[in-house]
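Observations on chain architecture
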Amino acid sequence: MAHVSLQVTMADRGRTMIPSTTLRLKLPVLCNRIFSPSSVPVGAPLKVCPQGYSCCTLEMEEKLSQQSHSDLKAPISQLSSNLQSTFKQRHSHFDQFFRELLDNAEHSLNDMFVRTYGLMYVHNAELFKHFFQELKRYYVSGSGAVNLDSMLSDFWEDLLERMFQLVNVQYEFSDAYMECVSRHTEQLKPFGDVPRKLRLQLTRAFVAARTFTRGLALMPEVVNKVSTVSASPSCVRAAMKMLYCPYCKGQVALKPCQNYCLNVMRGCLANQADLDTEWNNFLDAMLSLAERLEGPFNFESVMDPIDVKISDAIMNMQENSMQVSQKVFQGCGQPKPGNGFRSRRSVKETGFTGRFRPYSPDARPTTAAGTSLDRLTTDVKKRLKHAKKFWSTLPESVCAGERITSRDDCWNGTAKSRYESVVMGNGLANQVSNPDVEVDITKPDVVIRSQIAVLKEMTSWLKAAHSGNDISIDQDEDGSGGQESGSGCDSPSCEADRDIYFSIPPTPINPRVFKVVHQETTGGDRMAHGSMALALCGLTLALLAPHWR
């Protein structure tokens, strides 16, 4: 050992042990060879190691005790660091993937709508830009920052207002009139069933994605806090006795018995082992949510074709614009004709110059983060399964390999012989009779108990996300609570609604007539058909022109 001025060479560690009958005669010579240069009193009284002839002094024993503290932490630190690194990388991969999917979806919609709708889209592009900004905010901060249901309702209401005015350019509409239109968006169903399905799919996918990502981020945090818990003084003494008391006997190559090592480490890691139950519950919840990400809550399958879904909704509004306008006029009143309305407008003026091409899954390869959600989840599920029982198996991981020996000619704490004591179980409660480590089972470690509570709370969030329920998670405060703020699904019926890609119903939607006080009474029902025919003769035909085959 190069530490604490102790010079134990590899040659010394490999020498044949001196028989116990001749140890007393040859110990001074052996001690001088192991600990040099120093004058070593043989037979000094020690606090930790067995009494009798010894190469160690009290000072040496103290320095070896400090060294044993470092030696005890080293394998635990290495195992914990590997686990932290694994899930920091997985968290980074998933987070980057979800963020790039959002960016790609926004760029794809912008490119497609510029080609398909031209200037008419460009003039209204801020509506779609705001839509994606809110989706990104929701992914980062959840329902604490964005109410997804309200945001989506506002988006469709705003889109209806703009499209309603475009297909009824022959009229003037006051702000109060447009508010009346917006209030009845849900009754009118101008966009068919697209808003309902998209809301359900977005809610499930976003809740699952952001909760799963937060779970991946939590794992390294928990591992870091638990692995840095200091060893107790009694644990350090036990480690010193196990690792270095053979040196004081002059037997530097003598390794601890495996069961002896297990008792020492199970005593030292008793609090950490108590984390295992909640850790495994958390990992099971992560694995279940990963299955959802691969199936009905697939974020990639929702975001990748979102431009086509919104375009489908717009086309549905165009195709049913006459029926929608009639219902609006009946419910909100007949609007005033606009001044100087031109009955015909060219396709060039409307800006609809492209030809819409329907969505084909094979035509849209995934480019987000250079991977796919299926590949990411397949990899992370293997890692999650491997991480199960990490804390309860730490003693076995430490007491393995070259550190110990399973033979009977091993160091049992007092001599080179067989270890006779019963191996204790894992956890604090099982250490009451540990023969090698004094463990106070009445004083659980505060840090580890707090991490047990954090894992338990995160598990409840994961289970809620598995059912499609959104719980606000504050990314800045570890273990902070949240409120359930919406539901994508409350039961196994989630499995039934797997239609990630959907089409618009072939038959027009006939909204229910709603009754409100008429705000405009000029004209009457008599003018409705005439005015609509006039409008659709010009602008609406231009709107539909790109979709004709």
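Nothing here was measured: the structure is a model prediction, and the numbers come from that model. (Residues numbered from 1 in each chain as written. Predicted model: local features only at pLDDT ≥ 70, side-chain atom pairs only at ≥ 80, totals over all residues. Heavy atoms only, no water.)

Regarding the state of the cysteines
- Going through the model one piece at a time under the given rule, you end up with six disulfides.
- What pairs with Cys56 in a disulfide is Cys248, and their sulfur atoms sit 1.8 Å apart. Residues Cys56 and Cys248 are joined through a disulfide that is left-handed, its torsion about the S-S bond being -90 degrees. Taken together, the residues span a long stretch of sequence, with Cys56 in the loop between helix H2 (20-34) and helix H3 (58-117) and Cys248 in helix H11 (residues 245-248) at a distance of 192 residues.
- Taking the relative accessible area as the measure of exposure, Cys248 reaches 2% and is therefore buried. (Disulfide = S-S within 2.5 Å. Helix = DSSP H or I, 4+ residues; strand = E, 2+ residues; numbered from the N terminus. Buried < 20%, exposed > 50% of the residue type's maximum accessible area, 1.4 Å probe, protein only.)

As for the pattern of salt bridges
- Evaluation of the coordinates by the stated rule reveals 18 salt bridges.
- Here Glu396 makes a salt bridge to Arg266, at a shortest N to O gap of 2.4 Å. On the criterion of sequence distance, the pair formed by Glu396 in helix H20 (residues 394-398) and Arg266 in helix H12 (residues 258-268) is long-range, its members being 130 residues apart.
- Glu396 gets classed as partly exposed once you look at its relative accessible area, which sits at 32%.
- Classification of Arg266 as buried rests on a relative accessible area of 12%.
- Residue Glu291 pairs with Lys381 through a salt bridge whose shortest N-O separation is 3.2 Å. Of this pair, Glu291 sits in helix H14 (residues 276-294) while Lys381 sits in helix H19 (residues 373-387), and the two are 90 residues apart along the sequence. (Salt bridge = Lys/Arg side-chain N within 4 Å of Asp/Glu carboxyl O.)

A short note on the nonpolar core
- Formed by 132 residues in total, the largest nonpolar core has its most connected members in Phe128, Phe131, Phe212, Trp279, Phe299, Met303 and Ile310.
- When residues in this core are grouped by element, the largest group, 16 residues, is from H3. (Core = buried A, V, L, I, M, F, W, Y, C linked by side-chain atoms within 4.5 Å.)

A short note on unusual backbone geometry
- Phi is positive for Lys189, close to 45 degrees, though the residue is something other than glycine.
- In this structure, Lys189 sits in the loop between helix H8 (185-188) and helix H9 (194-227).

Re the confidence of the model for the protein chain
- When the pLDDT values of the protein chain are averaged, the result is 77; 72% of them are 70 or greater.
- When the elements of the protein chain are averaged for pLDDT, helix H1 (residues 10-13) gives the smallest value, 34, and H14 the largest, 97.
- Confidence over residues 341-367 falls short of pLDDT 50; this stretch has 61 contacts with residues more than four positions distant or in other chains.
- This stretch, residues 490-549, has a pLDDT under 50; its non-local contacts, to residues over four places away or in other chains, come to 133 contacts. (pLDDT = per-residue confidence, 0-100. Contact = heavy atoms within 4.5 Å.)

Some thoughts on the packing of helix H6 (residues 148-166) against helix H16 (residues 306-319)
- The geometry of H6 relative to H16 is characterised by a closest axis approach of 11 Å and an angle of 40 degrees between their N-to-C directions. What the angle tells us is that H6 and H16 run oblique. With respect to the hand of their crossing, H6 and H16 are arranged in right-handed fashion. Residues Phe155, Trp156, Leu159, Leu160, Met163 and Phe164 of H6 form the contact with H16, whose own contacting residues are Ile310, Ala313, Ile314, Met317 and Gln318.
- Residues of the contact of H6 with H16, tallied by class, amount to ten nonpolar, one polar and no charged. (Axes fitted to C-alpha atoms, helices over the stretch in contact; angles between N-to-C directions. Parallel < 35°, antiparallel > 145°, perpendicular 65-115°, else oblique. Left-handed = near helix turned anticlockwise from the far one by under 90°. Nonpolar A, V, L, I, M, F, W, Y, C, P; charged D, E, K, R; others polar.)

Structural notes on a nonpolar patch on the surface
- Residues Val114, Leu119 and Val122 make up a contiguous nonpolar surface patch of about 230 Å² in total accessible area.
- Relative to the assigned elements, Val114 resides in helix H3.
- The class for Val114 is partly exposed, based on a relative accessible area of 35%. (Patch = residues over 30% accessible without salt bridge, like charges linked within 9 Å, V, L, I, M, F, W, Y side chains within 5 Å. Areas by Shrake-Rupley, 256 points an atom, 1.4 Å probe, with all protein chains shown as cover.)

As for helix H10 (residues 233-243)
- For H10, the complete set of buried residues consists of Ser234, Cys235, Val236, Ala238, Ala239, Met240 and Met242.
- The inward-facing, buried residues of H10 abut H3, H11, H12 and strand S3 (410-411).

Notes on the environment of Thr393
- Tracing the backbone through its elements, the reader meets Thr393 in the loop between H19 and H20.
- You can call Thr393 partly exposed: its relative accessible area is 32%.
- Counting along the chain gives 127 residues from Thr393 to Arg266, while the straight-line C-alpha distance between them is 9.4 Å.
- In terms of polar contacts, Thr393 uses its side chain to reach the backbone carbonyl oxygen of Lys389, at 2.6 Å. (Polar contact = N/O pair within 3.5 Å; in protein donor to acceptor, adjacent residues only side chain to side chain.)

Details of the side chain of Thr116
- Here Thr116 lies in helix H3.
- Looking at Thr116, its side chain comes within polar contact range of the main-chain oxygen of Met112, at 2.8 Å.

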